[in-house]
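What follows is each chain in one-letter form.
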Amino acid sequence: MSSPIPSLPTPHSVRLAGSPAVRRDGRWWLISGPGSVLAADPVFTGELDRFATALAAADQAVADLLDEQHESPASPPRGQR
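Report follows, based on the coordinates. (Residues numbered from 1 in each chain as written. Predicted model: local features only at pLDDT ≥ 70, side-chain atom pairs only at ≥ 80, totals over all residues. Heavy atoms only, no water.)

## Side note on the pairing of strand 2 (residues 21-24)
For clarity, the threshold we go by: In this analysis, strands are considered paired if DSSP registers two or more bridges between them. Going along the chain from the N terminus, every DSSP run of H or I of four or more residues is numbered as a helix, and every run of E of two or more is numbered as a strand.
In this sheet, strand 2 lies alongside strand 1 (residues 13-15) in antiparallel orientation, the contact comprising three bridges. Across the sheet, the residue bridging to valine 14 is arginine 23, located in strand 2. Linking strand 1 to strand 2, which pair antiparallel, is a turn of five residues; within it alanine 17 sits at a positive phi near 45°. Relative to strand 3 (residues 27-32), strand 2 runs antiparallel, the two sharing four bridges. Residue pairing for strand 3: alanine 21 is matched across the bridge by leucine 30. The antiparallel pairing of strand 2 with strand 3 creates a hairpin that spans two residues between the two strands, and aspartate 25 there sits at a positive phi of about 50°.

## Section: the nonpolar core
Using the following cut-off: We define the nonpolar core as a collection of buried residues of types Ala, Val, Leu, Ile, Met, Phe, Trp, Tyr and Cys that are connected through side-chain atoms lying within 4.5 Å of one another. Using a 1.4 Å probe on the protein chains alone, a residue whose accessible area is under 20% of its type maximum counts as buried, one over 50% counts as exposed, and one in between counts as partly exposed. The contact criterion used is simple: two residues touch if any of their non-hydrogen atoms lie within 4.5 Å.
Leu16, Ala21, Trp28, Ala39 and Leu48 together form the largest nonpolar core, which totals five residues. With residues near it in sequence (within four places) discarded, alanine 39 still touches Trp28, Trp29, Phe44 and Thr45.

## Considerations on the pairing of strand 4 (residues 35-38)
Bridge analysis of strand 3 against strand 4 gives four bridges, and the strand direction is antiparallel. Bridging from a neighbouring strand, leucine 30 pairs with valine 37 of strand 4. Between the end of strand 3 and the start of strand 4, which pair antiparallel, lie two residues.

By themselves, these observations are geometric and do not establish any function.
What follows is the structure, given as structure tokens:
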């Protein structure tokens, strides 16, 4: 009997910043060419959770800044009135 191996990221899985870490159905997996391994160490998975949260917050902050730039009127070039 073989154990289930997660497929590549789908809408139910998310790869962490191009790393081999993939969160699928609430669990972290380390994916490589030959296969995958469930990350079960709570300290390690906690760090992955914290990193994923920080990365999502940074992505949101950048998106917010870009939205603000697009919404604000362009200011005149420096030295011109």
